[in-house]
Structure formats: structure tokens, C-alpha cells
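Understanding the architecture of this molecule
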Amino acid sequence: MQISTDDRAGKTVRPDGDGVVFSSLNGSTRFSWRWLRDHGEDEASRDPDTLQRRVDTFTLDPAEAGAVTVGEGTLTVRWPNGETSVVAIDTLEAVAADHLSSDWSTTLASAPTIGADAILWSDPASIKPPDVDAAAFLNDDDACGAGVELLCRYGYLVLRGDTTDRSLAEALANRLGYVRQTIFGGIWDLAANLTAHADTAYTQIYLGPHTDGTYSHDAPGLQFFHCVRPADEGGESLLVDGFAIAAELAASDPEVAAILASVVVAGRYVEPGVHLLAERPVLRTNHRGELVQVSFNNYDRAPFLLPPDLEERFYSAYGRFAALSDEPSRRAVISLTAGDFLVFDNWRTLHGRNAFSGPRHYIGGYLNHEDLESKRRVLNSNGSLQRQSSGLHG
Ligand SMILES: [Fe+2]
């Protein structure tokens, strides 16, 4: 069966074995059932306000579809369980064009190694929570140095403060580096108010562990939250050590870790007037093969198409990471009271949030990773490169 979508433009979609084939004047591209299920653009598959993924990708049954229909610029697949996925033909065309123009001949990287000075925690009960008094952190270099060291080794730090005044958040952030300006502003308010930004973070629902800024070429190195008012019930921050997951995968299944270190994953953020897009592997390594950054956000993952032999291996590997990151036993559950300040390494530590009730109000912001690294070298004198520089500004 061949279904014409636009004869004049020569575009067709036809079912073919375990997926459909989209053809245009540029060539033919196969989309698997799993890919189509993963990329549904209907309301059940994707939040219409945030454009963030709703469908549970990794428990999908990639079994053969029940029926395929094309009309009004969309492809609709009705699955055996009665559910449907709707994908715009324009999306297929754009993804196919990107796929056909890509070079897939690159070989897979090796599984990453993990630097020795990170203290990995797959069981948060096994570590003493990194916790420092905010006033001491501000006023005493030794306390600040100790806090920075905890943050670098564990991937997060709680500073216990006694005021909800925004000036405390500013002072603590400036002690660590410089507040970054983004589409959210510098220091921003986080409350269940979807009019602020089209993002699931601005709701009251459970938020699965993820890293922020997968849509940014230089994802924020640190994120902080200052608690102005905790939720009446729930709303705890959930932290998961992404480096620990990577280390476990590298030891137990190096091929999975290698795929996660090699396949470039696109992330995007869309709201009126904004369309951010960037890409990098889930596990980014340096020239020594050491893991330097974890990027994982299934909500914001943008469409891209891999060659058939790699696609299922990628879904399997990405799904393994997703499943591990969502294991409740891995979560450090952080309860902040008014005045407390949580900061975590967004290149390592995934964060989420329990569902909540009541007018929970946090303020938050982003800092750069290099400024934390700088602070550590300056305060703790353990940097590997102690170069002098006056900077070049002129
Ligand atoms: Fe987030």
C-alpha cells in the first residue's frame, strides 16, 4: 500500500515491515514504529503547552502497528492497544533531511572512565549529606573552601540559611561564581505558575530526574534553589548521581556506556519567541576519555533519526540510563526549609521533584562550571594547573 501525501512535491509515506518509509525528491528514509511512538505530537504524547514529551518511551511495545493513515499533513498510527500517535509530515521531512545529510560512519567511543576525586553515591543513605552553615560559608574562607570541596566531590551541597531574603541567595551565588543570564533571567522565581514559562518545572506534578540546559551548547554548570516557602505537602528536591550511573554502566555493560558516550542527542526548548536547540552525548568525555558531563532530559529530547542498526541499540542504552535514573533508591531526597539553599552540579547530578500541594516558592539560578572549578583551585590549592593570568581584555 502506498499513501500519497503530496503528489506534486513527490512526498509519499508507506508502511514497510517494522515502520514506514518516507520518500521525497531527496530520497527515502525509514522511520521505525518505536520512533513514531516516541515522537507523537498529539496531546497524549506531548504536552501542547510545553512541547515536552509525555509518552513513556521506554516501556513502549515496538510491535507492528495496527493501522497507518495520512491526511491533512499528518501521519496517524493506531496501535494495537487503541492508542494513537500523530506526527506531522513536516517533522518527518525535516528529520529525514537531517538524517540523509549526516555522516554515520564514525566509530563508537570507548566507555568513559570516572575521575578519582568524585565520591560516587548510588545509595544516598551511604553518605553523610553535604551540609554547611550559610553564614559561615559566606564569611569564612575555610568554611567556603570546605563547602566547595563537598560540592565538587558529592555533586551537591545544602547551605542552611536563616533568611528568605533574596539578598542571601545573591550573596551565596556570588560566593561561588557569577549568576548567568538566560531566557529565565538571572535569579528567577519558581512557583506553580505556567504563565511564567512553558515548562513542567512550573507545575505541581512529579518531575523525573533530569539535567537542565540540554538545549544549551554550554549547559549551566551549577543550579541553585533558595527556599522562600516550602510546599504544604511534598515538593522535596530529588537528586541522583549521574556519574554513579555512568560508572555502573561502564563496569557492567561497556557497550551501553560507549553508545551513551557517542550518540549525539538533541535537546530543545520552545516557547513563544524562543527556540533553543543544542546537542551532545549523554556522557561527554574529555581527551583522556574521562567523563566530564552528563546530559539527560527525556522531556526536552528533540527529534533525530539514527541508522536502523544503531537506533534500537540507542533506545536500549538511553532507556537503561532512564530506568536507572528513576530508581527511588538512588534519590537523595532534599527537604528544604525556608532560608535553605541547595546547589548542585548540573553536569553530574540529575534533579527532579516530588509532586506537591500548597504555594511552594523557590528562587533559583544558574552558575558556570568553570567558576566553581576556579573557586576550588583558589581556595583549596588543589588545581592541576596553577597558571598566572591577568586576562586579555584589550
Ligand atoms: Fe530542571
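Fair warning: this is a prediction, and the values are worked out from it, not measured in the lab. Along each chain, residue indices are assigned from 1 in the same order as the chain's sequence is written. Residues qualify for local features only when their pLDDT is at least 70, as the model is predicted, and side-chain atom pairs are given and counted only at 80 or more; totals for whole chains, interfaces and linings, by contrast, use all residues. Heavy atoms throughout the structure, all of them, feed into the side-chain values; hydrogens and water do not.

Here helix α2 (residues 89-100) contains 12 residues, and its C-alpha end-to-end distance of 16 Å stays within 8% of the 16 Å for a straight helix at 1.5 Å per residue. All buried positions along α2 are accounted for by Ile-89, Thr-91, Leu-92, Val-95, Ala-96 and His-99. Mapping the buried residues of α2 onto a view down its axis gives an arc of 150 degrees, with all of them on the same face. Only DSSP runs of H or I reaching four residues or more are called helices, and only runs of E reaching two or more are called strands; each is numbered from the N terminus. For a helix, the expected span equals 1.5 Å multiplied by the number of residues minus one. Buried means the residue's accessible area, taken with a 1.4 Å probe over protein chains only, is under 20% of the maximum for its type, while exposed means over 50%, and partly exposed covers the values in between. By arc we mean the arc of the directions from the helix axis to the C-beta atoms, nothing more.

This brings us to the packing of aromatic side chains. Aromatic pairing here means that ring centres of Phe, Tyr or Trp (its six-membered ring) are within 6.5 Å. Orientation follows from the plane angle: under 30 degrees is stacked, over 60 is edge-to-face, and everything else is tilted. Counted according to the given criterion, the structure contains 17 aromatic pairs. Considering the side-chain rings of Phe-304 and Phe-314, the 5.7 Å spacing of their centres and the 65 degrees angle between planes classify their relative orientation as edge-to-face. Separated by 10 residues along the polypeptide, Phe-304 in the loop between β18 (291-294) and α8 (308-325) and Phe-314 in helix α8 bring together distant segments of the chain. A relative accessible area of 11% means that Phe-304 is categorised as buried. Owing to a relative accessible area of 3%, Phe-314 belongs among the buried residues under this scheme. Members of the aromatic cluster, each reached through a chain of ring pairs, are Phe-184, Trp-188, Tyr-215, Phe-225, Tyr-269, Phe-344, Tyr-362 and Tyr-366. Two limits define a charge over a ring: the Lys NZ or Arg CZ must be within 6 Å of the ring centre, and within 35 degrees of the ring normal. Positioned above the aromatic ring of Trp-347 is the side chain of Arg-284, whose terminal nitrogen or guanidinium carbon lies 5.3 Å from the ring centre.

Moving on, we get to the sheet that holds strand β5 (residues 67-71). Pairs of strands are assigned from DSSP output, requiring at least two bridges between the strands. As summarised here, the arrangement of the 3 strands in space is β5-β6-β7, forming an open sheet in which the pairing is antiparallel. Since the sheet does not close on itself, it has two edges, and those belong to β5 and β7 (84-88), each with one partner. Strand-to-strand twist in this sheet, taken as the mean axis angle between neighbours without regard to direction, amounts to 20 degrees. Pairing of β5 with strand β6 (residues 74-78), which is carried by 5 bridges, proceeds in the antiparallel orientation. Residue pairing in the sheet places Gly-71 in a bridge with Thr-74 of β6. Its contacts with the sheet place α2 against β5, β6 and β7, and it is angled at close to 65 degrees to β7. Fitted lines through C-alpha atoms serve as axes, helices being fitted only where they are in contact, and the angles separating the N-to-C directions of these axes extend from 0 to 180 degrees. In this analysis, two residues are considered to be in contact whenever any of their non-hydrogen atoms come within 4.5 Å of each other.

Let's shift gears to the domain arrangement of the protein. As assigned here, the protein comprises domain 1 (3-100) and domain 2 (108-383). Where a domain begins and ends is set by an automatic assignment or by a domain database. A straight line from the C-alpha centre of domain 1 to that of domain 2 covers 32 Å. Taken together, the contact between domain 1 and domain 2 spans 18 residues of the former and 23 residues of the latter. A pair is scored as a salt bridge if a Lys or Arg side-chain nitrogen falls within 4 Å of a carboxyl oxygen belonging to Asp or Glu. Counting every contact that joins domain 1 to domain 2 gives 2 salt bridges. For Glu-312, the salt bridge goes to Arg-34, with nearest N and O atoms at 3.0 Å. Polar contact is the term for a pair of N or O atoms within 3.5 Å; when the atoms are in protein, one must be able to donate a hydrogen and the other to accept it, and sequence-neighboring residues count only if both atoms are side-chain atoms. If you look at where domain 1 meets domain 2, you find 10 residue pairs in polar contact (both at pLDDT 80 or more). Asp, Glu, Lys and Arg are counted as charged, while Ala, Val, Leu, Ile, Met, Phe, Trp, Tyr, Cys and Pro are counted as nonpolar; the rest, among them Gly, fall into the polar class. Partitioning the side of domain 1 that touches domain 2 into residue classes produces 5 nonpolar, 7 polar and 6 charged.

With that settled, the discussion passes to the pairing of β6. Residues Leu-75 and Val-77 point to one face of β6 and are all buried, whereas Thr-74, Thr-76 and Arg-78, pointing to the other face, are not buried. What sits between the antiparallel neighbours β5 and β6 is a turn of 2 residues, in which Glu-72 has the positive phi angle 50 degrees. Pairing of β6 with β7 involves 5 bridges; the strand directions are antiparallel. Bridge pairing in β7 places Thr-76 opposite Val-86.

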